[in-house]
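Here's the letter readout for the chains.
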Amino acid sequence: MTVSALTRPGERDRLIVKLGEIDWIFCLTLCLIAGAGGLMLFSINGSSWMPWAAPQLARFVLFFGLMILLALVDLRVWFALAYPIYGAGFLLLLAVLVVGHHALGAQRWLQAGPIQIQPSEIMKIGVVLALARFYHGASTRTARWSWWLLWPAFLILAPVALVAKQPDLGTALLILMTGGVVMILGGLSWRVITAGVLGVAALVPPVVLFGLHGYQRARLLTFLNPESDLSGSGYHIHQSEIALGSGGLLGKGYGLGSQSQLNFLPEKQTDFIFSALAEEFGFVGCVSIILLYAAVIFMALRTAYLAHSHFGRLAAAGITVTFALYVLINGAMVMGLAPVVGVPMPLLSYGGTVMLTVMVGFGLVLSVRVHRYSEVTSGKGSLM
Amino acid sequence: MAEPSIFFEEVNERQGIFHRRAFVLGGIAGLGLAALSGRLAQLQLIETQRYEKLSASNQFNFKLMPPPRGLIVDRDGVVLASNRPNFRLMVARDKGSDVPGTLKTLAEFVPLDDKRQARLIKDIANAPKRAPVEVMEDMTWEQFSAINLRGPELPGVSADMGEVRVYPHGGAFAHVIGYVAKVNKDDITPDGPNSDPIMLNPGFRIGKQGVEKAFDLDLRGKPGAQKVEVDANGREVRQDPAGDVPAVPGKEIRLTLDADIQLRAEQVFGEESGAAVMMDCRNGDILCMFSGPSFDANRFVRGLTGAEYKALAEYERKPLFNKALTATYPPGSTFKTMVALAALENGYDPKTQHVCNKTWFWGGRLWHCDEAHGVQDLHTAIATSCDIYFYQCALSVGPDKIARVAKAFGLGTLFDIGIPGQKAGLVPDTAYKRRTFPKDPVWHAGETPSMGIGQGYTHLNPLQLCVQAARLGNGRKALHPRLVRSIGGVEQKSGAAWGDLPFDPKNIDFVRNGMAAVTGAAGEHIAHATGMGAASDLGLGPIKMAGKTGTAQAQGYSGGTGAHGAVGDWKKRDHAWFICFAPYDEPRYAMSVLVEHGGFGATAAAPKAREIMRVALLKDPELRAKIEKPLPLPAAPTGPESGDIVPDLPPTPVDPNSQPGLPQGTPTA
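Predicted, not measured: the structure shown is a model, and the values here were computed from it. (Residues numbered from 1 in each chain as written. Chains lettered and ligands numbered in written order. Predicted model: local features only at pLDDT ≥ 70, side-chain atom pairs only at ≥ 80, totals over all residues. Heavy atoms only, no water.)

## Some remarks on the overall build of chain A
Argument step 1. Each helix and strand counted, chain A has 16 helices and three strands in total.
Argument step 2. When the 384 residues of chain A are sorted by exposure, 56% land in the buried category.
Argument step 3. Working note: accessible area of chain A is about 15,800 Å², and carbon and sulfur atoms make up 71% of it. (Helix = DSSP H or I, 4+ residues; strand = E, 2+ residues; numbered from the N terminus. Buried < 20%, exposed > 50% of the residue type's maximum accessible area, 1.4 Å probe, protein only. Areas by Shrake-Rupley, 256 points an atom, 1.4 Å probe, with all protein chains shown as cover.)

As structure tokens, this is what we get:
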């Protein structure tokens, strides 16, 4: 197929062409990470496929198919659905507050028959879509600093407040940071950015002192002084550091990590799976996984770079930011550089919710790539 | 944009802003990932050794293995305290375990009544998680294997084979050896040897009395450790025998005691209250230290019930006291040996005569004697134990000189024999009177006659009287008693490694001859001698014993009044003493026997001494050779010379053939 052929009207809408436009190296990288996750889940439960490894891999296969399907969805459809998805997510968040399912002192789920819905996950994508939708139609001047920015600020803060209320501080911060980065990418004035950063910095101490739940504050204080409480809150981080450190250069060997096999490592299948991997595969294994994550982030960012539409750019970049934040926060947490906030390592950790979010998000990223030359009209976008 | 736009420039502008900022964003993400890698390098490359250690200390635990407790043996190696296997049943609580249900199931296999179950549930709830609590000891093999079979279905239940202390001779050695018992909360100290975590091991026992207590740390040994891999909940996952640290068994303690002699003492005493101590006159080794009545130390190992303890503690014959060390009584006439020696040492003429008419008026009052002994000199007065002679003898010497001699013979002295619980007693002198009675600090002349017959302030324990007898028997050396011969093979200081007695050997010999006259050992017959001929005749041919009786009043000072001898209320009867050594002419073994409220020394104490002494003499190969010397052939075979048996003596055989604990049978004809 020649380049000229692709310029023919309608040619790019052909399924086979679309499939060809999918970044298959990107997909392969995702498979490698998820494969490593499955491998670790098999190992840490005493070389058993159940109950973690097999369902996790099966889910990945399912969600991988979903991602490819979403990649084929025309970007204009994503554009049109941006606000409805956001709106639906917002309503569900409200519903959670009213009839949500209690778990571990927090209200995060909606139970619909056999399906658990966690609206905060929908909002991770919803906020990105809505912001991209807004900035697509906003002028540079508007995006820099204007009253119109109250709208994206509302789009971000309203769900953040609801999620924080659940309470799910990790997800709330994730949405807040993603939204903030999208606003910056949209063209927010540097002066405002500086002021915002300073403002947030000033806000941290009072929030920590008065605005947090007891366990949240304990986690934070433990992070600041982990040796103070090795049997309580500091235990998780301490055991994680032991798992990491004792892995050494090449690790203890597959299936031989004493910290994870003997359950010293808490939450080994979810939040701390990276530590389990580090223990068994050492520095070499860890750096390999980090390189895979770096590859995913840069390929996704490159997709945003290549997109012709502003909506596509910001949507792809927003999803990338979410993913990168997951990786960085979880990595920092298991290595004792950040407080324990309950953010999993995407694709590696056991659990369907985050994997679904990430794969749907990457479906959007791939859709941006497949449809990077699409013209997305907004009717009034350029007039603002 | 579908339509040409006049804001085209601006669209390009926001694309440019995005590209620039996205580039910065990529850089920040790259920096973040690089920072993570840096942290990984720090943890996994630089500090890895530290974390490897932490990981290993997580993974492996060391389970304490109690060491086998050291044996206690007698001088010939006969075991006095050892260990026997003990099948124990233990229950620990753990996450999700149902302790009451478990105990109910266990009750199908071993006797566990509801009351015991309720107590165990409380104990287990109070114990740390996964710390096994002993439910039962001494299970039979059938119970042990039945529970081991069911083990996997019963979480938290474990059955193992431990060791428990056993005293094969029951009560005979209970006071000397003491016993071990379960560790009390008060036994655990924050530091020192009793802070050892092995103290918390279920079934671990420590010495609570006697040798077991005094040498507890030697006997205890060092606990070993079993290396086990554990998970985060502390459950044992795997054993690692290569990493085990073997336990160091406790040291063997060899006592100077002789099991045969001691067991004979136990038999001879029966339910009677008192003590018998025997020493080797040549080296000070304590061959026998018995206190009666005794108790079964094995009961203490298991743990006494409240009722059992109460019965022992409240019995008027005080079985829990080691009377050989703690019972201090006036020595009675045995003290006359000291008065005589003090007199001789101070130039008293042994030919000095006094007449005994049963009473003697002096100092405004009447002094009594048992009978009218007639004309007595020092030698006959020892043999007849004439009080009236010794009143006057003591007066001519004075209390301080008597006290000096008595103390030189170990009376009123505490000896370091290794075990605690001695009472020093008292040998009074004028300084004592000054010190103790500020209102009446003067030694009155009237107090001296009482001292002369071993009454008054004087009170002494059986060990001291045995040392006295041993020093008299030795005649030269100031022997010290020795109870512990070796610890872990290391020989302890000999009782002979001390100085000489600061007295003229001739004077000591005079006193010894007096003691021989008491028993008629040398064949002389003194009128009114204490009537000891039969009671102290060993029936061992040429081997004879010399000794001195003593009858100490349990109450009152006036001699010869009130209940005298073995009549009346037990608690008011006199205490009977006998000190002796044998053979009289070449002493090897010395003894003191105290029979509390036994009556006369001659009838209550001396026969016991004779029976116990016979075992020692017959065990001595050289003496046995003398006893068994074949008789000239044509003469008709006769048994060993045995004296007449006084009918009111305990029915103990005097024929050596029937002695228990003897290695060989009949003497060859």
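And the narrative resumes.
## Concerning helix 3 (residues 99-106) of chain B
What sets the pattern is the α-helix's 3.6 residues per turn: residues three or four places apart point alike.
All names here are of chain B.
Argument step 1. If you check which residues of helix 3 are buried, you get Val 99, Thr 102, Leu 103, Thr 105 and Leu 106. Seen along its axis, helix 3 keeps its buried residues to an arc of 160°; they face one direction.
Argument step 2. The residue sitting at the N-terminus of helix 3 and contributing the capping side-chain oxygen is Asp 98; that oxygen lies 3.2 Å from the backbone nitrogen of Gly 101. (Arc of directions from axis to C-beta. Polar contact = N/O pair within 3.5 Å; in protein donor to acceptor, adjacent residues only side chain to side chain.)

## A few points about helix 6 (residues 119-136) of chain A
Argument step 1. With 18 residues, helix 6 of chain A ought to run about 26 Å at 1.5 Å a step, and its terminal C-alpha atoms sit 25 Å apart, in line with that.
Argument step 2. The largest bend along helix 6 of chain A reaches roughly 25° and is located at Ile 125 of chain A. (Expected span 1.5 Å × (residues − 1). Bend = angle between axes of the 7 residues up to and from the residue.)

## Re the interface of chain A and chain B
Argument step 1. Between chain A and chain B, the residue contacts involve 61 residues of the former and 39 residues of the latter.
Argument step 2. Carbon and sulfur atoms make up 67% of the area that chain A and chain B hide from each other, which totals about 4,300 Å².
Argument step 3. A salt bridge links Arg 144 of chain A to Glu 13 of chain B; its shortest N-O distance comes to 3.7 Å.
Argument step 4. Inspection of the region where chain A meets chain B yields 17 residue pairs in polar contact (both at pLDDT 80 or more).
Argument step 5. Sorting the residues of the side of chain A that touches chain B by element identifies helix 6, helix 7 (140-144), helix 9 (169-186), helix 10 (190-210), helix 12 (234-247), helix 13 (258-261), helix 14 (273-306) and helix 15 (310-334) of chain A as the ones contributing at least two each.
Argument step 6. Considering every element that reaches the side of chain A that touches chain B, the biggest residue donor is helix 14 of chain A, with 13 residues.
Argument step 7. Its residues assigned to classes, the side of chain A that touches chain B comprises 34 nonpolar, 20 polar and seven charged. (Contact = heavy atoms within 4.5 Å. Buried area = accessible area lost by both parts, 1.4 Å probe. Salt bridge = Lys/Arg side-chain N within 4 Å of Asp/Glu carboxyl O. Nonpolar A, V, L, I, M, F, W, Y, C, P; charged D, E, K, R; others polar.)

## Observations concerning the sheet that holds strand 8 (residues 224-230) of chain B
Pairing between the strands of a sheet comes from backbone hydrogen bonds, and it takes one of two forms, parallel or antiparallel.
Residues and elements named next belong to chain B.
Argument step 1. Reading across the sheet, the three strands line up as 1-8-9 and stay open at both edges, with antiparallel pairing between neighbours. Each of the sheet's edge strands pairs with one partner strand only, and the pair in question is strand 1 (60-65) and strand 9 (236-239). Strand-to-strand twist across the sheet, computed as the mean angle between neighbouring axes with direction ignored, equals 45°.
Argument step 2. Pairing between strand 8 and strand 9: three bridges, direction antiparallel. Residue pairing in the sheet places Glu 229 in a bridge with Arg 238 of strand 9.
Argument step 3. Across the sheet, helix 2 (residues 48-59) touches strand 1 and strand 8, and the angle it forms with strand 1 is around 45°. (Pairing = 2+ DSSP bridges. Axes fitted to C-alpha atoms, helices over the stretch in contact; angles between N-to-C directions.)

## Here we look at a nonpolar patch on the surface
Argument step 1. A cluster of nonpolar side chains, namely Leu 157, Leu 169, Leu 173, Leu 176 and Met 177 of chain A, defines an oily patch on the protein surface of about 380 Å² accessible area.
Argument step 2. Looking at the nonpolar patch element by element, the count peaks at four residues for helix 9 of chain A. (Patch = residues over 30% accessible without salt bridge, like charges linked within 9 Å, V, L, I, M, F, W, Y side chains within 5 Å.)

## Some details on the pattern of salt bridges
Residue and element names in this part refer to chain B.
Argument step 1. In total, this model carries 42 salt bridges over all chains according to the counting rule given.
Argument step 2. Arg 482 serves as the salt-bridge partner of Asp 285, at 2.8 Å between the closest nitrogen and oxygen. Of this pair, Asp 285 sits in the loop between strand 11 (274-280) and strand 12 (286-292) while Arg 482 sits in the loop between helix 19 (462-474) and strand 17 (484-487); the two residues are 197 residues apart in sequence, bridging distant segments of the chain.
Argument step 3. A relative accessible area of 8% means that Arg 482 is categorised as buried.
Argument step 4. Among the charged side chains, a salt-bridge network with shared partners connects Arg 69, Arg 165, Glu 212, Asp 216 and Arg 220.

## Comments concerning unusual backbone geometry
Argument step 1. With an omega dihedral of 0°, the bond running from Met 50 of chain A to Pro 51 of chain A counts as a cis peptide bond.
Argument step 2. The topology assignment puts Pro 51 of chain A in helix 4 (residues 49-72).
Argument step 3. Following Ala 582 of chain B, the chain continues into Pro 583 of chain B via a peptide bond in cis, with omega recorded as -10°.
Argument step 4. For Pro 583 of chain B, the position within the fold is in the loop between strand 20 (575-582) and strand 21 (589-595).
Argument step 5. Positive phi, normally seen in glycine, also occurs at Asn 263 of chain A, with a value near 70°.
Argument step 6. Mapped onto the fold, Asn 263 of chain A is located in the loop between helix 13 and helix 14.
Argument step 7. Look at Ser 385 of chain B: it is not a glycine, yet its phi comes out positive at around 60°.
Argument step 8. Here Ser 385 of chain B is to be found in the loop between helix 14 (378-384) and helix 15 (387-397).
Argument step 9. Exposure remark for Ser 385 of chain B: the relative accessible area of 8% places this residue in the buried category.

## Overview of the nonpolar core
Argument step 1. Judged by nonpolar contacts, the single largest core of 125 residues is most densely connected at Phe 274, Leu 348 and Phe 362 of chain A.
Argument step 2. Element by element, the count of residues in this core is highest for helix 14 of chain A, at 17 residues.
Argument step 3. The residues contacting Phe 274 of chain A, other than those within four sequence positions of it, are Leu 244, Cys 286, Ile 289, Ile 290, Asn 330, Val 334, Met 335, Met 345 and Leu 348 of chain A together with Leu 40 of chain B.
Argument step 4. Counting residues in each nonpolar core, the second largest holds 102 residues, with Ala 297, Leu 341, Ala 478 and Ala 516 of chain B among its members. (Core = buried A, V, L, I, M, F, W, Y, C linked by side-chain atoms within 4.5 Å.)

## Observations concerning the sheet that holds strand 11 of chain B
All names here are of chain B.
Argument step 1. Here we have five strands laid out as an open sheet, ordered 12-11-21-20-19, and antiparallel in their pairing. Across the chains shown, the open sheet's two edge strands, defined by having one partner strand only, are strand 12 and strand 19 (546-552). Sheet twist, expressed as the mean angle between neighbouring strand axes with direction ignored, is 5°.
Argument step 2. Of the strand pairs in this sheet, strand 11 and strand 21 are connected by seven bridges, and their pairing is antiparallel. Bridging across to strand 21, Asp 280 finds its partner in Tyr 589.

## A look at the state of the cysteines
Such a bond, covalent and formed between the sulfur atoms of two cysteines, is termed a disulfide.
All names here are of chain B.
Argument step 1. Summed over all chains, the structure comprises zero disulfides over all chains.
Argument step 2. With no disulfide partner, Cys 288 has as its closest neighbouring cysteine sulfur the one in Cys 466, 8.7 Å distant.
Argument step 3. We classify Cys 288 as buried; its relative accessible area is 0%. (Disulfide = S-S within 2.5 Å.)

## A few points about the environment of Arg 299 of chain B
Residues and elements named next belong to chain B.
Argument step 1. Tracing the backbone shows Arg 299 in helix 10 (residues 297-302).
Argument step 2. Overall, Arg 299 belongs to the partly exposed group, its relative accessible area being 33%.
Argument step 3. In the structure, Arg 299 is positioned 120 residues away from Tyr 179 in sequence and 9.2 Å away in space, judged by C-alpha atoms.
Argument step 4. Residues within four places of Arg 299 in sequence aside, it is in contact with Leu 304 and Glu 308.

## Remarks on the packing of aromatic side chains
Argument step 1. Per the counting criterion, the structure on display carries 29 aromatic pairs over all chains.
Argument step 2. Note on Trp 141 of chain B and Phe 144 of chain B: the rings are 5.7 Å apart at their centroids and 40° apart in plane angle, and the pair reads as tilted. Pair noted here: Trp 141 of chain B and Phe 144 of chain B are both in helix 5 (residues 141-150), with a separation of three residues, about one helical turn.
Argument step 3. Given a relative accessible area of 9%, Phe 144 of chain B falls into the buried group.
Argument step 4. Connected via pairs of aromatic rings, a cluster forms that spans Phe 26, Tyr 293, Phe 323 and Phe 362 of chain A.
Argument step 5. Positioned above the aromatic ring of Tyr 350 of chain A is the side chain of Arg 59 of chain A, whose terminal nitrogen or guanidinium carbon lies 5.1 Å from the ring centre.
Argument step 6. Over the ring of Tyr 589 of chain B we find Arg 282 of chain B; its NZ or CZ atom is 5.7 Å from the centre of that ring. (Phe/Tyr/Trp six-rings, centres within 6.5 Å; stacked < 30°, edge-to-face > 60°. Lys NZ or Arg CZ within 6 Å of the ring centre and 35° of its normal.)

## Structural notes on the environment of Leu 617 of chain B
Residue and element names in this part refer to chain B.
Argument step 1. Inspection of the secondary structure assignment puts Leu 617 in helix 21 (residues 601-619).
Argument step 2. Placed 34 residues apart in sequence, Leu 617 and Pro 583 show a C-alpha to C-alpha distance of 8.3 Å.
Argument step 3. In contact with Leu 617, not counting residues within four places along its chain, are Leu 538, Leu 540, Ile 543, Ala 582, Pro 583, Tyr 589, Leu 623 and Arg 624.

## Some words on the confidence of the model for chain A
Argument step 1. The share of residues in chain A with pLDDT of 70 or more is 90%, and the mean pLDDT across the chain is 85.
Argument step 2. Throughout residues 379-384 of chain A the model reports pLDDT below 50, and contacts reaching past four residues in sequence, or to other chains, amount to eleven contacts. (pLDDT = per-residue confidence, 0-100.)

## Regarding the pairing of strand 15 (residues 365-368) of chain B
All names here are of chain B.
Argument step 1. Relative to strand 15, strand 14 (residues 359-362) runs antiparallel, the two being bridged by four bridges. Each residue of the ladder has a partner; that of Phe 361, found in strand 15, is Leu 366.
Argument step 2. Counted along the chain from strand 14 to the antiparallel partner strand 15, the turn is two residues long, and its residue Gly 363 has a positive phi close to 65°.

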